[in-house]
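Report on the structure
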Amino acid sequence: MKKIIITTALAFLSTMLFCQQKTVMGKVITAKNEAVQYANIALVCNTDDKTIKGAVADSAGNFSISITTNGVYKLAITNAGFSSYTSTAFTIDSATTVINMPAIVLTEQFKTNKTVVVQAKKKFIEIQADKTVLNIENSVVAVGNSAFELIKKAPAVTVDKDDNLKLKGGIATIYVDGKPFYLSGEQLTQYLKNLQADAISKIEIIGNPSSKYDAAGLTGIINIRLKKNKQYGTNGSYTFGSGYGKYPKINSALSLNHRNKKINVFTDGSIGYSESFNKLTYNSIVDNSGVLTYQDRDNYWHPKTVWHSFKAGADFNVSKKTIIGFLIKGNGDHEKSITDNNTIFSNQNAQKLNSIITQKDNDEKTNSLSYNVNFKTEIDSLGSELIVDADYISFKRTAENYNYNSFINGNNTPYRNAYSFRNGSPADINIKTAKTDFTKVYNTTFKVETGAKYSAVENNNYLKVDSLNSSNAWVKDNNRTNTFIYKEKIAAVYFNFTKDWKKISLQMGVRVENTNYSGNSVTLNQVKDSNYTNLFPSAFLTYRQNEKNTWNASYSRRINRPSYQSLNPFIDFIDPYTQFEGNPNLKPSFTQSFEVKHSYNDFLYSTLSYSYTKAQSTNVILQDKVTGRVRNITANVGNSSYLSLNFSASVQPYKWWSIDNNVSFSGGNSQSNYPEYEFDQNYFGVDVSTEHSFTLPQKIKIQTSAYYSTPYRDGITKIRASYIVSAGVQKSLWKSKASIKINYNNIIGPSAYRAQYLSDNLNIKWINQWEGRRINISFNYKFGNANVKASRQRSSASQQERNRVNL
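Treat the numbers as computed from the prediction; the structure is a model and nothing was measured.

**Thoughts on the nonpolar core**
I174, L192, I200, I203, I222 and I224 are the most contacted members of the largest nonpolar core, which totals 24 residues. Taken together, the elements giving at least two residues each to this core come down to α2 (147-152), β15 (165-167), β17 (173-176), α3 (185-194), β19 (200-206) and β20 (221-226). With 4 residues, α2 is the largest single contributor of residues to this core. With sequence-adjacent residues up to four places away left out, L192 is seen in contact with S146, A147, F148, L165, I174 and I224.

**What to know about the environment of F570**
With respect to the element layout, F570 can be found in the loop between β36 (549-560) and β37 (571-575). A residue is classified by how much of its surface remains accessible, and F570, at 9% relative accessible area, is buried. Spatially, the C-alpha atom of F570 lies 7.0 Å from that of N482, the residues being 88 residues apart in sequence. Apart from residues lying up to four places away in sequence, F570 is in contact with N479, R480, T481, N482, T523, L524, F580, E581 and G582.

**Quick notes on the side chain of T173**
Within the fold, T173 resides in strand β17. Once residues lying within four places of it in the same chain are set aside, the contact partners of T173 are A216, G217, G220, I221 and I222.

**Examining the packing of aromatic side chains**
A complete count under the given rule lists 25 aromatic pairs for this structure. Plain terms: the ring middles of Y282 and W766 are 5.7 Å apart, the flat faces sit at 75° to each other, and that makes the pair edge-to-face. Of this pair, Y282 sits in strand β24 (residues 278-288) while W766 sits in strand β50 (residues 763-770); the two residues are 484 residues apart in sequence, bridging distant segments of the chain. Each member of the pair, Y282 together with W766, is buried. An angle of 25° between the planes, with centres 6.4 Å apart, marks the rings of Y371 and Y392 as stacked. Linking Y371 in strand β27 (residues 352-378) with Y392 in strand β28 (residues 385-409), this pair joins segments that are 21 residues apart in sequence. By relative accessible area, Y392 is classed as partly exposed at 30%. Put simply, the rings of Y654, W656, W657 and F694 touch in pairs and so form one group of aromatic residues. Between K440 and the ring centre of Y442, over which it is positioned, the NZ or CZ distance is 5.6 Å. Between the NZ or CZ atom of R480 and the centre of the ring of F421, over which it lies, the distance is 4.3 Å.

**As for the pattern of salt bridges**
Scanning the model with the defined rule gives 15 salt bridges in all. The salt bridge partner of E204 is K202, with a shortest N-O separation of 4.0 Å. Assessed through its relative accessible area of 26%, K202 is described here as partly exposed. Measuring nitrogen to oxygen at the nearest pair gives 3.2 Å for the salt bridge that ties D428 to K396. Taken together, the residues span a long stretch of sequence, with D428 in strand β30 (residues 427-443) and K396 in strand β28 at a distance of 32 residues. When its relative accessible area of 25% is taken as the criterion, D428 is described as partly exposed. Within the structure, one salt-bridge network assembled from shared partners comprises D214, K453, R511, E513 and R561.

**A short note on the environment of L369**
When you line up the elements, L369 lands in strand β27. Given a relative accessible area of 31%, L369 falls into the partly exposed group. The spacing of L369 and Y392 is 23 residues in sequence and 8.3 Å in space, taken between C-alpha atoms.

**With respect to a negative patch on the surface**
Negative charge collects at one region of the surface, where D624, E676, E678 and D760 lie side by side. Along the chain, the position of E676 falls in the loop between β42 (657-672) and β43 (679-696). The class of E676 is partly exposed, set by a relative accessible area of 47%.

**Some thoughts on the confidence of the model for the protein chain**
Here the protein chain averages 83 in pLDDT, while 86% of its residues score no lower than 70. In the predicted structure, residues 1-19 sits below a pLDDT of 50 and forms 8 contacts with residues beyond four places in sequence or in another chain. Ignoring residues within four places in sequence, the model shows residues 110-121, a span with pLDDT below 50, making 19 contacts including any to other chains.

**Some details on the pairing of strand β22 (residues 248-259)**
Pairing of strand β21 (residues 233-244) with β22, which is carried by 12 bridges, proceeds in the antiparallel orientation. When the sheet's bridge partners are listed, Y244 is paired in β22 with P248. The turn linking β21 back onto β22 is made up of 3 residues. The pairing of β22 with strand β23 (residues 263-275) spans 11 bridges and is classified as antiparallel. Across the sheet, residue K249 finds its bridge partner in β23, namely S274.

**A closer look at unusual backbone geometry**
We note that A350 has phi near 65°; this positive angle belongs to a residue other than glycine. Tracing the backbone shows A350 in the loop between β26 (322-347) and β27. Residue classification places A350 among the exposed positions, given a relative accessible area of 62%. Located in the positive-phi region is A615, a residue other than glycine, with phi close to 55°. With respect to the helices and strands, A615 occurs in strand β40 (residues 604-623).

**Looking at a nonpolar patch on the surface**
Where nonpolar side chains cluster on the molecular surface, the patch consists of Y543, W551, F594, V596, L608, Y610, L643, L645, F665 and F684 and spans about 880 Å² of accessible area. Put simply, the parts of the chain that give the nonpolar patch at least two residues each are β39 (589-600), β40 and β41 (630-654). Since its relative accessible area comes to 31%, L645 is described here as partly exposed.

**Here we look at the pairing of β17**
The side chains of a regular strand alternate between the sheet's two faces. In β17, alternate side chains face the same way, and those of T173 and Y175 on one face and I174 and V176 on the other are all buried. As judged from the 4 bridges shared by β17 and β20, these two strands associate in the parallel manner. Bridge pairing links I174 to I222 in β20. Sheet topology note: the β17/strand β18 (residues 179-180) ladder contains 2 bridges and is antiparallel.

Quick notes on the rules
Residues numbered from 1 in each chain as written. Predicted model: local features only at pLDDT ≥ 70, side-chain atom pairs only at ≥ 80, totals over all residues. Heavy atoms only, no water. Core = buried A, V, L, I, M, F, W, Y, C linked by side-chain atoms within 4.5 Å. Buried < 20%, exposed > 50% of the residue type's maximum accessible area, 1.4 Å probe, protein only. Helix = DSSP H or I, 4+ residues; strand = E, 2+ residues; numbered from the N terminus. Contact = heavy atoms within 4.5 Å. Phe/Tyr/Trp six-rings, centres within 6.5 Å; stacked < 30°, edge-to-face > 60°. Lys NZ or Arg CZ within 6 Å of the ring centre and 35° of its normal. Salt bridge = Lys/Arg side-chain N within 4 Å of Asp/Glu carboxyl O. Patch = residues over 30% accessible without salt bridge, like charges linked within 9 Å, V, L, I, M, F, W, Y side chains within 5 Å. Areas by Shrake-Rupley, 256 points an atom, 1.4 Å probe, with all protein chains shown as cover. Lys, Arg positive; Asp, Glu negative; His and termini not counted. Charge placed at Lys NZ, Arg CZ, Asp CG, Glu CD. pLDDT = per-residue confidence, 0-100. Pairing = 2+ DSSP bridges.

As structure tokens, this is what we get:
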């Protein structure tokens, strides 16, 4: 592959020299050093301003114009939302071959009329060369939704029965502001459900991350970008929202910001109350040598949650090129829930044998604090820079639940004494990270990136179980009490280089990561240690065929490390017939991903993706045919492959109506050689979505969205179709200082995961319903100084905000 790329590049350069063409090339960026996509470039004669030749910058902001005529020229550049730019004159003569223009900085254009600010309009879903972007800020369909619900609307994202977000067939890795979010499983899901749309700027779906990113995550990264205030002076905003489905919800947020040329101080906070439900219907058929037994379970979970979050920080411009930033951020929630469960056991004649009636009362509090310090300095005018970043994160959980179990026979009388127990499950997680990133820009066509990162994680989990004895006293159950301590250290270095030619851009890189972890089950006196080093290459190739057609090809290798708790060998009983157990022998999974993208005329985007995973890990369900008891264990089961073809198209039939459509075809094969959980299964599915935006008079905006996923297979699981239809309306008030948004989410039906687990040893129907259909209303008011300074006058500060990472 490397030889082919080098040979192709040399042949292309030789052709250029043979034709004796003179090439003007460069890159168009914002003052925040972000690429300006698809800017219009005109090569203009300096004497009469006549346009000689034109071009369009690519998605990375790069452009090139070839000409054979000598003369004195200048460049004229325009793009929607930016002020026009005209370069100084330059000469092309017989000795000229290539002119590399300095980085061209366009100024974002804001038209102010009595505090009314007009900016370029963004689509809700944008397909870019290296990622898919959901523009949440100012979207009507996003109102009242959480980050979890918004991510589900993204192309190719699905949800499994345990509320894990899946991308390209596997569980996605979540980032917040460019940094990995270290929680997983239930804790991660709870955070995403409490994170409201009002706090989010955009969500990025990165299918093939470069070597600059952590190698963790088999199927790519979902990066949540939080809102940032970039206005000079003192200003802020207040938001109030409410929603109702089956139960009420309410939230409120306040943001304050003060910025001048030397310092930016900011803070924001939010608080809310949410009440919801989850209804699980579980039907299992146990076949014991032809003798059938039925288990039918109805489970209703009703949580009530009060949550809060805050952020405070400051950026100091210690010089024109150097910034130091500090940030503290906190999140917390207090959840009280009641779960009612009724499990009925019947024989093959549908006669009731017995049942278990369970009530679980849960009281759980979680709190997290993160501290960040960030240093950035610009080394030269070309964009070379050094960034140093350090974080300390603390996560604490206290949880206690009471479980009451009654055992009833077929005659509806107790056949054994009631059994009650309580669980206390505190957790304490401490994370320390430090990283440095160095970028050296040699010219507009070549740059090198390198960096290093170190992280240390300590996760302490304690499970205390007490049983209620015949004297009505709580007694410690030593057989079910457990202490597990997990420690992990990861050291990484990476190297990337990017080279641009006239029509070709090449980025190649490699990341090396060393992982050292120890899992200590204090209760069982078992310690599992492991130390391994892996290499993660990546490559990206862009070919700009012409003004309308651009091709991108990419490759990356990634890793999925076992979650902390999945390595804990202890057995946790959910009820007398259901247990979860960890697996200290779990190994990491590795995935190789390939992706080819094509964009046509900023209208049609096509993506072909393929990935192959070795030693994939999944939740294995094992059922005892005699007792009917179910074991859940995470294990490396086998290999899998995934293939998808995605099309996205944006059209605008009228100035007031725009449409974004997406269709994705996916398929593949997954295998398992785990005893009593074997399968070799092919699968295929289709996802379709459409977003419509209508801009009406009187500053009214209407948005609608619809999503449909066909039935598909996932291992032994047959998953039924799912669909979502939502609509919203927005009205600007008081000279655009305020806005009110109303959203009706999931209009035509409840949100549900419906599946059947079918194999030689399992036959389980699983229906999981949650509160998806509801109406939300949000009111936002902006106050203070609404004047925005030109970004180029504070480029360091704006770049610092872009590069700041916080959790």
